[in-house]
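Fold and contact review
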Amino acid sequence: LGPAAVDISSLYREAGFFTYDPGFMSTASCNSRITYIDGDEGVLLYRGYPIEQLATKASFLEVAYLLLYGELPGEKDLVSFERLIMRHTMLNENLKNFLNGFHYDAHPMAMLMGVVGSLSAFYHDSLSVNDPRHREIAAHRLIAKIPTIAAAAYKHSVGEPIIYPRNDLRYCANFLRMMFATPCEDYKPTLIAEKAMNLLFILHADHEQNASTSTVRLAASSGANPFACIAAGIASLWGPAHGGANEAVLDMLLEIGDVKNVPKYIEKAKDKDDPFRLMGFGHRVYKNYDPRAKIIREVCYQVLDELADNDNPLFELAMKLEEIALNDEYFVERKLYPNVDFYSGIIYQALGIPRNMFTVMFAVARTVGWVSHWMEMMDDRIGRPRQIYRGPSQRDYLPISKR
Ligand code: ACO
């Protein structure tokens, strides 16, 4: 498995050279045993298991165990892992004060990033990252607390009281309840909503060295507190070229508004003088259909069907956009296919999740991948990219009166 790669770093170093590869187009930054992608064939494996099998057969926490520990859990292992995770779902009560400091219209990603980062102030023991026991507890705490923080950020943004976790519920059901219950009315998610969220979370759980995961690994390579490293990953995920694309796709579909406007927007996306890009299209690694997008597209049909929302105009619009783009020379030549984010927002919207929470959903799921990479890389050396200096050559300081 894997493309041909040669470790020439020591050879180059001795000869006084280094490589220049902006955007890491063809540079591997590490060895990893977690996730494999074949971008030309559209293959994605977690620890060797095809994403198609995991997405249809496993639970999110089962996949979390697989990513963290390398093997699928046995029945007893899974039960004790689920108990362990659900035992860590509560937040320190003082965190409410921190959350309340955010303005009501703060973006939930900003709140998520801030609150996760602030956990580093609560868990000093995580500083002893050389102790494998501390590493493991930090990983469990992160996976357990991130849905609580995400739901709390949402509640803050709509001015409702925080709903505490219910540890007798499954991971996704508990999350949906924390999002949608109120002190006046409990909320029981439908099975289809829970299933759809479980599937989306599995699809988003890991994707090897994307920008946010590489950020986590780089931040962690200095031995920094794991909660601070995950906050750095959340910051990186937020951008529209990465995890922010699911929110941007919905914005784009709403802007297009009608199937009759699709050709105009396809032309805009092709125009190099226009900054507009088809959001949810293209991928650095996949030069074939993103396998996750294939699965999501199928589930989109089912979810909209079961929620009796199958005449959802956004889904119709997305399918038309995909159909036209896939037959357009510009997109064909550049191998631009829909990526995982093209359809995920439509499902989230059908589940009642507001647009500004889409990237937060992605972050909740990807936390599992981030902590798995964090555990894997703890014994690596510090990451320290080089640069090519293009600034002025040496010059002398002039007193301000002479400049
Ligand atoms: N719409 C129009 N043209 C595009 C698009 C797009 N969505 N994506 C790439 N292109 C074009 C580029 O303009 C470029 O054309 P050129 O060769 O004529 O200059 C060519 O395709 C190659 O694109 P790059 O930007 O060089 O590809 P890169 O690998 O750097 O970027 C990225 C990949 C960021 C995903 C890009 O395709 C994009 O911006 N897509 C839209 C945002 C998006 O959906 N992001 C989510 C990615 S998946 C994820 O993070 C989970």
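As a starting point, this report considers the structure included with it.

1. Quick word on the overall build of the protein chain
A count of helical and extended segments in the protein chain gives 18 helices and three strands. Rg of the C-alpha trace for the protein chain: 22 Å, near the compact-globule value of 22 Å for 403 residues, within the 12% margin. Overall, the C-alpha framework of the protein chain stretches about 70 × 55 × 55 Å when taken along its three principal axes. The buried share among the 403 residues of the protein chain stands at 48%. At a minimum sequence separation of 6, the contacts of the protein chain that also span at least 24 residues come to 75%. When the accessible surface of the protein chain is totalled, it reaches about 20600 Å², and 52% of it is carbon and sulfur. The centroid of the 42 positive side-chain charges in the protein chain is displaced by 6 Å from the centroid of its 49 negative side-chain charges.

2. What about the pairing of strand β1 (residues 35-38)?
Looking at chain direction, β1 and strand β2 (residues 43-46) are connected through four bridges and run antiparallel. Its bridge partner being in β2, threonine 35 is matched across the sheet by tyrosine 46. Adjacent in sequence and paired antiparallel, β1 and β2 are bridged by four residues, among which glycine 42 carries a positive phi angle near 70°.

3. Observations concerning unusual backbone geometry
With a phi angle near 40°, glutamate 208 is a residue other than glycine that sits in the positive phi range. Take glutamate 208: it is sitting in the loop between α9 (191-204) and α10 (211-220). Here glutamate 208 falls in the partly exposed class, since its relative accessible area comes to 24%.

4. Concerning the side chain of lysine 145
Considering the arrangement of structural elements, one finds lysine 145 in helix α7 (residues 132-158). Among the polar contacts listed, one links the side chain of lysine 145 to the backbone oxygen of methionine 90, at a separation of 2.6 Å. Not counting residues within four places of it along the chain, the set of residues in contact with lysine 145 comprises His88, Thr89, Met90, Leu91, Leu119 and Tyr123.

5. With respect to the pairing of β2
Where β2 lies against strand β3 (residues 49-50), two bridges are found, and the strand directions are antiparallel. Looking at the pairing, tyrosine 46 lines up with tyrosine 49 of β3. With antiparallel pairing between neighbouring strands as the criterion, β2 and β3 make up a hairpin whose turn holds two residues, including arginine 47 at a positive phi of roughly 50°.

6. Some details on the sheet that holds β1
Ordered by their spatial adjacency, three strands build an open sheet running β1-β2-β3, and the pairing between neighbours is antiparallel. Sheet topology places β1 and β3 at the edges, where each strand pairs with a single neighbour.

7. Focus on helix α14 (residues 291-306)
Its 16 residues place the ends of α14 23 Å apart at the C-alpha level, agreeing with the 22 Å of an ideal helix rising 1.5 Å per residue. On the buried face of α14, the contacting elements are β2, α2 (51-57), α9, α15 (313-326), α17 (341-350) and α18 (358-377).

8. Points about the site of the ligand
Around the ligand, 21 residues are found, and the nearest of them are Lys272, Arg277, Leu278, Gly280 and Arg284. In this structure, phenylalanine 281 approaches the ligand through a main-chain N or O atom, which is 2.9 Å from a nitrogen atom. For the ligand, an oxygen atom lies 2.9 Å from a polar atom in the side chain of asparagine 339. When the free accessible area of the ligand is taken as 920 Å², the share hidden by the protein chains comes to 75%. Its residues placed into classes, the shell around the ligand shows 11 nonpolar, five polar and five charged.

9. Looking at the pattern of salt bridges
Evaluation of the coordinates by the stated rule reveals 18 salt bridges. Note that glutamate 93 and lysine 96 form a salt bridge whose closest N and O atoms lie 2.9 Å from each other. Residue classification places lysine 96 among the partly exposed positions, given a relative accessible area of 31%. A salt bridge links aspartate 290 to arginine 292, with the shortest nitrogen-to-oxygen separation between them at 2.9 Å. When salt bridges with common partners are traced through the structure, they connect Arg166, Asp168, Arg177 and Asp186 into a single cluster.

10. Concerning the packing of α15 against α17
At a minimum axis distance of 10 Å, the contact between α15 and α17 shows a crossing angle of 175°. Considering the angle they form, α15 stands roughly antiparallel to α17. The segment α15 lies against α17, with Leu314, Phe315, Ala318, Met319, Leu321 and Glu322 engaging Phe342, Tyr343, Ile346 and Gln349. Residues of the contact of α15 with α17, tallied by class, amount to eight nonpolar, one polar and one charged.

Procedures and definitions
- The residue numbers shown here count from 1 along each chain, following its written sequence.
- Whole-chain, interface and lining totals are the exception, using all residues; otherwise, since this is a predicted model, local features are given only for residues with pLDDT of at least 70 and side-chain atom pairs are given and counted only at 80 or more.
- Each side-chain value is worked out from all heavy atoms of the structure, with water and hydrogens disregarded.
- Helix and strand definitions follow DSSP, with helices as H or I runs of at least four residues and strands as E runs of at least two, each counted in order from the N terminus.
- Radius of gyration: C-alpha atoms only; globule rule: 2.2 Å multiplied by the number of residues to the exponent 0.38.
- Note on classification: 1.4 Å probe, protein chains only; a residue is buried when its accessible area is under 20% of the maximum for its type, exposed when over 50%, partly exposed between these limits.
- What makes two residues a contact is simply this: any of their non-hydrogen atoms within 4.5 Å.
- Note on areas: Shrake-Rupley with a 1.4 Å probe; residue coverage comes only from the protein chains shown.
- Positive charges come from Lys and Arg, negative ones from Asp and Glu, while His and the chain ends are left out of the count.
- Note on charges: their place is set at NZ of Lys, CZ of Arg, CG of Asp or CD of Glu.
- Note: two strands are recorded as paired if DSSP finds a minimum of 2 bridges between them.
- Here a polar contact is taken to be a pair of N or O atoms separated by no more than 3.5 Å, where protein atoms must pair a possible hydrogen donor with a possible acceptor and residues adjacent in sequence count only if both atoms sit in side chains.
- Here the expected length of a helix is defined as 1.5 Å per residue gap, with one fewer gap than residues.
- Residues are classed as near a molecule or strand on a simple rule: at least one heavy atom within 4 Å of it.
- Here the term charged refers only to Asp, Glu, Lys and Arg, the term nonpolar to Ala, Val, Leu, Ile, Met, Phe, Trp, Tyr, Cys and Pro, and the term polar to all other amino acids, Gly among them.
- We count a salt bridge whenever a side-chain nitrogen from Lys or Arg sits within 4 Å of a carboxyl oxygen from Asp or Glu.
- Lines fitted to C-alpha atoms define the axes, with helix axes restricted to the stretch in contact, and inter-axis angles between N-to-C directions lie between 0 and 180 degrees.
- An angle below 35 degrees is read as roughly parallel, one above 145 as roughly antiparallel, one from 65 to 115 as roughly perpendicular, and any other as oblique.

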